[in-house]
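Notes for the structure review
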Amino acid sequence: MKNHILLSFAVVFFFVISTYAQEGDSKAVAGGGVMVKGWTGKIDAKEVTAGLSLKSAKLTQDGKVLHVTTGPATTFWNPKNKAKGDYTVSATFYEPKYMSINDHPHPYGIMVGGNDLGTEQESYLYCAAYGNGTFIVRGFGPKPFQMGGRAPVKNDAVNKAAGVGQPVTQLIAITVQGDKVSCSINNTGVATSDNAAVSGAGNLKP
């Protein structure tokens, strides 16, 4: 299912865009591929079995704004964007036409803690918002885990589009500070966890 998202970033360390389809069959984007220098990506394994590839989604850049068009569930990243210690990764996502092409809300967000990206052993933690006022915070790896529940959770901090075809904007941030990792959406905390609960055997690499 195609979806077009504009993204402008403030503080970028190890940064990714995660756009995951909830249901339905994904379709390839015409003229797709990663067209931003230094960036790469990987589509969801389920999408690969459907015959899709990284060229089935599209990532371009215009000034400081990244343009994402999906396509299959895709994760994009730049290997040079790394951080240690305490840090915050944040980005503003603008969906110009909510559900204008796809038949369900399509999430988008950022990730930290990426390791072995592009391989079958990859792991990371992502926070994503939906234009219907819900969000999800999830660890992806050998043993997937959730910080905010297994399914998208409603939260008043998440902006809702006025209707199909209407615009919606979300400011998403992940902060690693001390022994905590947290996600905020539109400057409101929506999920927090101890680092020890999300890293270690089966989860994220310490």
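One can find the structure itself at the top, above this paragraph.
Since we're looking at a predicted model, the values are computed, not measured. (Residues numbered from 1 in each chain as written. Predicted model: local features only at pLDDT ≥ 70, side-chain atom pairs only at ≥ 80, totals over all residues. Heavy atoms only, no water.)

1. What about the overall build of the protein?
Assigned secondary structure in the protein consists of 2 helices and 16 strands. For the protein, the residues scored as buried account for 47% of the 206 residues in total. Taking all contacts inside the protein whose residues are at least 6 apart in sequence as the whole, residues at least 24 apart take part in 64%. In the form shown here, the protein has an accessible surface area of approximately 9,600 Å², with 51% of it arising from carbon and sulfur atoms. (Helix = DSSP H or I, 4+ residues; strand = E, 2+ residues; numbered from the N terminus. Buried < 20%, exposed > 50% of the residue type's maximum accessible area, 1.4 Å probe, protein only. Contact = heavy atoms within 4.5 Å. Areas by Shrake-Rupley, 256 points an atom, 1.4 Å probe, with all protein chains shown as cover.)

2. Structural notes on the state of the cysteines
As enumerated under the stated definition, the model contains 1 disulfide in all. Covalently, Cys127 is tied to Cys183 through a disulfide, its sulfur atoms 2.0 Å apart. Here Cys127 and Cys183 share a disulfide; its torsion about the S-S bond, -60°, makes the bridge left-handed. Placement of the pair is Cys127 in strand β10 (residues 123-129) and Cys183 in strand β15 (residues 180-185), with a sequence separation of 56 residues. A relative accessible area of 1% places Cys127 in the buried class. (Disulfide = S-S within 2.5 Å.)

3. Some words on the packing of aromatic side chains
A complete count under the given rule lists 3 aromatic pairs for this structure. Relative to Phe140, the ring of Tyr124 lies with its centre 5.2 Å away and its plane at 20°, an arrangement referred to as stacked. With Tyr124 in strand β10 and Phe140 in strand β11 (residues 134-140), the pair connects residues that are 16 residues apart, well separated along the chain. Judged by relative accessible area, which is 1%, Tyr124 ranks as buried. Since its relative accessible area comes to 23%, Phe140 is described here as partly exposed. Taken together, the aromatic side chains of Tyr124, Tyr126 and Phe140 make up a single cluster linked through ring pairs. (Phe/Tyr/Trp six-rings, centres within 6.5 Å; stacked < 30°, edge-to-face > 60°.)

4. Concerning the pairing of strand β4 (residues 40-43)
Burial along β4 is one-sided: Gly41 and Ile43 are buried, and none of Thr40 and Lys42, which face the opposite way, are. Across 4 bridges, the pairing between β4 and strand β7 (residues 74-77) is antiparallel. Bridge assignment links Lys42 to a residue of β7, and that residue is Thr75. (Pairing = 2+ DSSP bridges.)

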